[in-house]
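Close look at the chain arrangement
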Amino acid sequence: MAELNTEAKLKMHLKQEKIQLWNPPYTEDNNQPGAKHMQELAERYAPLVCLPVQEVGGALEAIRVQAVKRGKGNKTFKETSMATLELLLPRDSKKDPKTKNHLETRLDVLVQEVVDRIAEEFRLKHIKLILNGKTLCAGEFRPAAGTEALRGHNMACLCVFVLSDQRLDEQGVKNHSKVMVLKVSDTELRQQAREEEEKKKNQNESLQRTEKGFQILSERDGSEETSPFLEIADQRGNPLKIPHMEKKALILAMGFHEKGRSLMKKKQFENALCHLLQADQQFSKCGSALLGSVDNFAVLQLDIVWCYRALEALSCLDDGKSRLQQAEDCFLKCYGEQQQRLLMIKGNTGREEVLFLRLYLLQSLLSYIEGNDAQARHQLSKVESLYSRLCLDSEKMAQLMALGFNEREARLGLRACQGDLQEAAIHISNQRQERDELKHRERQKRSRKMEGISTLTELGFSRRDAARALHHADGDVDRAYQILLDSSRAAQLTNNNTEGVVSPERVEQLLYLGFDREASEAALRLTGGDVQSATQLLLDNQGVLPPELLSVSPPSSSSSPSPTSEEPSTSSNSTDDRELVNEVLEDISRHEEDYLDLTLEEESELIATMKTYLSQRPTHTV
């Protein structure tokens, strides 16, 4: 890391003086260094960067060699279309940590061809490629040359979703692009392959299983009696009304994020990064207004850059800087200036300060790598100030735990109350009471729901339809009954005169109002062709009709439902789907502030490392 810092400073000086090391007199015709002029340059720059002449000379030569290679690569690319890619290999695959690894390739080749070449040349069996934080999509997954075929399960960190063949240039790869190489252990692959051998071959099974599990959950709305479902809620546990498609993307994003965080806790950073990048893709489908109101997106950006750090992939500097800036902007929108909005909602800001500690620490690290020591020191001073407040007294922790609170509660409570023991105990007790009250309200809500379902089933409707209608009516039995009746009438009208109900003229009226055709036709069928009612129905549901309205069946002719009147179990309730749902639910923390419960052990190590690097030389503003 010190080498990157030195090179960054020297590049700044070279740029300011418009010195081109790849040209004479610094590089001779045979591409060898102009020894005399390089020595003079090293002697002139050594005092400026506060380093010995010999060390500066070595750094300048490394920059010159790199520039010559780049120039040669530009010429080669112009003449032959052969691009030069810089490979950021896994730590244990580098022969010489100080030597950069390159690969020459055409950009119109398939990603899979490049994957195979890298795997063979650097003896890596199973890999995936990352460019600017995005996974390069291979058309299909195949084992690297010389390895046996694998049958896909859980290939979270090896390959990407199976898509049509894609070339390098189609995914933004350019001449001199920096490409990060990730790998997964052979042992893990074999174990995963055995578990899912009878299922889909050669696919990213872990990512697919995570996505499928959360897709199932995202389609559930709580109307089914026994199936688990997810609800997006605010800081106080109140459900948020979000359009269906945006809610689905948000649940998938948060699901991938939770899985990634679970892997980070196990120090499986390569695996974690794959899931975090998938979460980032899902977040991009959410509206900016939504992302600005929650801190999930900001925390995700921090986690991605933290994985870069753990994988020593901070050569992805531009992507890391961009993500940290996004995180800082998102925190500002979400928490407000001086965290005033957060203070108003939660009453304190102590717990969230760990996020700012990590943000400033990563910014300090990237500033150092850029060669800006002054900025690195400035950010590190903010980190140390926060760390001194957040590093807790072990005796106070023990006292709180002796009162019956667990370690997480004690840590979060003390941080929320700036280390005040008595206030922390009161705070934790109040939080417990709030959670108990929330659970009590949920039990009451469920009890009322079961009573309402029983009432509606006695009127001849199936339990499933009754539950869905009751959910859509927010628990109002009379409204649910009306929904069921209206749906039944609409179904009968549809059977009798579908063309009249969904006439082109009526559909055009709804299209003119901005609704899409499929939703318009469905709304007209549900309302018996009444344009005004259909419009209101679409407005109430943000233009997307929920599944419960589209699948309500008419009541049975008898006064009490027979066992056969219940609809058969759907795929979302199948054994496989239940296993998928249970699998992804295991990665979701049961505590809403788990992401704030950092022990700061890793942060402490990085702080010490940064202090060591920055203390090696005098302060110098670049």
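Residues numbered from 1 in each chain as written. Predicted model: local features only at pLDDT ≥ 70, side-chain atom pairs only at ≥ 80, totals over all residues. Heavy atoms only, no water.

1. Brief notes about the overall build of the chain
This is how it is decided: Only DSSP runs of H or I with at least four residues qualify as helices, and only runs of E with at least two residues qualify as strands; both kinds are numbered from the N terminus onward. Residue burial is assigned from relative accessible area. The probe radius is 1.4 Å, only protein chains are included, and a residue is buried under 20% of its type maximum, exposed over 50%, and partly exposed in between. Only heavy atoms enter the contact rule, under which two residues are in contact if any of them lie within 4.5 Å. Using a 1.4 Å probe, the Shrake-Rupley method yields the accessible areas, and only the shown protein chains count as cover for residues.
Helix and strand counts for the chain come out as 25 helices and 5 strands. A total of 622 residues make up the chain; the buried ones form 49% of that total. Considering only residue pairs separated by 6 or more positions, the chain has 69% of its internal contacts joining residues 24 or more positions apart. For the chain, the exposed surface amounts to about 31500 Å²; the carbon and sulfur share of it is 48%.

2. Comments concerning the packing of aromatic side chains
Put simply, the rule reads: Each pair of aromatic rings taken from Phe, Tyr and Trp, with Trp reduced to its six-membered ring, is defined by centres within 6.5 Å and is described as stacked if the planes are under 30 degrees apart, edge-to-face if over 60, and tilted in the remaining cases. Counted as over-ring charges are cases with an Arg CZ or a Lys NZ within 6 Å of the ring centre that also lie within 35 degrees of the ring normal.
Applying the stated rule across the entire model yields 7 aromatic pairs. Residues phenylalanine 331 and tyrosine 335 carry aromatic rings whose centres are separated by 5.4 Å and whose planes lie at 20° to one another, so their mutual orientation is stacked. Of this pair, phenylalanine 331 and tyrosine 335 both sit in helix H11 (residues 317–335), 4 residues apart, which is roughly one turn of that helix. Between the aromatic rings of phenylalanine 461 and tyrosine 481, the centroid separation amounts to 6.2 Å while the plane-to-plane angle is 80°, which identifies the pairing as edge-to-face. Taken together, the positions of phenylalanine 461 in the loop between helix H17 (421–458) and helix H18 (463–472) and tyrosine 481 in helix H19 (residues 477–501) put the pair 20 residues apart, joining distant regions of the chain. Judged by relative accessible area, which is 1%, phenylalanine 461 ranks as buried. Tyrosine 481 sits in the partly exposed class, given a relative accessible area of 32%. Counting every residue linked through ring pairs, the aromatic cluster contains Phe331, Tyr335, Phe356 and Tyr360. Here the guanidinium or amino end of arginine 309 rests over the ring plane of tryptophan 306, the centre of that ring lying 4.1 Å away. Sitting above the plane of the tryptophan 306 ring, arginine 358 keeps its charged end 4.0 Å from the centroid.

3. Thoughts on helix H25 (residues 601–615)
Quick note on the threshold: How far a helix is expected to stretch is found by multiplying one less than its residue total by 1.5 Å. To be clear, the arc concerns the directions from the helix axis to the C-beta atoms.
Taking 1.5 Å as the rise per residue, H25 with 15 residues should run 21 Å; its terminal C-alpha atoms sit 21 Å apart, in good agreement. For H25, the set of buried residues is Glu603, Leu606, Ile607, Met610 and Leu614. Looking down the long axis of H25, one finds its buried residues gathered within 105° of arc, a one-sided arrangement. For H25, the exposed residues set more than 90 degrees away from the buried face come down to Glu601, Glu605 and Ser615. Contacts made by the buried residues of H25 are with helix H10 (296–310), helix H13 (353–370) and helix H14 (373–390).

4. So, the packing of H10 against H13
Which entries qualify depends on this criterion: Orientation is described by lines fitted to C-alpha atoms, with helices fitted over the stretch in contact, and by angles between N-to-C directions that extend from 0 to 180 degrees. Here roughly perpendicular refers to angles of 65 to 115 degrees, roughly parallel to angles under 35, roughly antiparallel to angles over 145, and oblique to all remaining angles. Handedness of a crossing is defined here by the sense of rotation of the near helix relative to the far one, left-handed for an anticlockwise turn of less than a right angle and right-handed for a clockwise turn. Classification convention: Asp, Glu, Lys, Arg as charged; Ala, Val, Leu, Ile, Met, Phe, Trp, Tyr, Cys, Pro as nonpolar; all other residues, Gly among them, as polar.
Packing of H10 against H13 leaves a shortest axis separation of 11 Å and a crossing angle of 45°. It follows from the interaxial angle that H10 and H13 lie oblique. Handedness of the H10/H13 crossing: left-handed. In contact with Val299, Leu302, Asp303, Val305, Trp306 and Arg309 of H10, H13 contributes Leu355, Arg358, Leu359, Leu361, Leu362 and Leu365. Grouping the amino acids of the contact of H10 with H13 by side-chain chemistry returns 9 nonpolar, no polar and 3 charged.

5. Here we look at unusual backbone geometry
Along the chain, proline 24 connects to proline 25 via a cis peptide bond; the corresponding omega equals 5°. Inspection of the secondary structure assignment puts proline 25 in the loop between helix H1 (2–16) and helix H2 (35–49). A positive phi is found at arginine 123, a non-glycine position, where the angle reads about 55°. For arginine 123, the location among the structural elements is in the loop between helix H4 (111–121) and strand S3 (127–131). Of the residues examined, arginine 123 reaches a relative accessible area of 78% and is grouped as exposed. The phi torsion at lysine 267 lies on the positive side, around 65°, for a residue other than glycine. Tracing the backbone shows lysine 267 in the loop between helix H7 (244–265) and helix H8 (269–283).

6. Some words on a positive patch on the surface
Rules: Exposure above 30% relative accessible area and no salt bridge define the residues that can form patches, which grow by joining like charges within 9 Å and nonpolar side chains of Val, Leu, Ile, Met, Phe, Trp and Tyr within 5 Å. Any Lys or Arg side-chain nitrogen found within 4 Å of a carboxyl oxygen on Asp or Glu counts as a salt bridge. Neither His nor the chain termini are counted; the positive set is Lys and Arg, and the negative set is Asp and Glu. Working definition for charges: the position is that of NZ of Lys, CZ of Arg, CG of Asp or CD of Glu.
A contiguous patch of positive charge on the surface is contributed by Lys11, Arg70, Lys100 and Lys178. For lysine 178, a relative accessible area of 37% translates into the label partly exposed.

7. Comments concerning the pairing of strand S1 (residues 82–88)
Here is the key point about a regular strand: its side chains alternate between the two faces of the sheet. Put simply, the rule reads: Strand pairing follows a simple DSSP-based rule, namely that at least 2 bridges must link the two strands.
With 6 of 7 residues buried, S1 lies mostly within the body of the structure. Where S1 lies against strand S5 (residues 178–183), 3 bridges are found, and the strand directions are parallel. In the sheet register, leucine 88 faces S5, and the bridge partner there is methionine 180.

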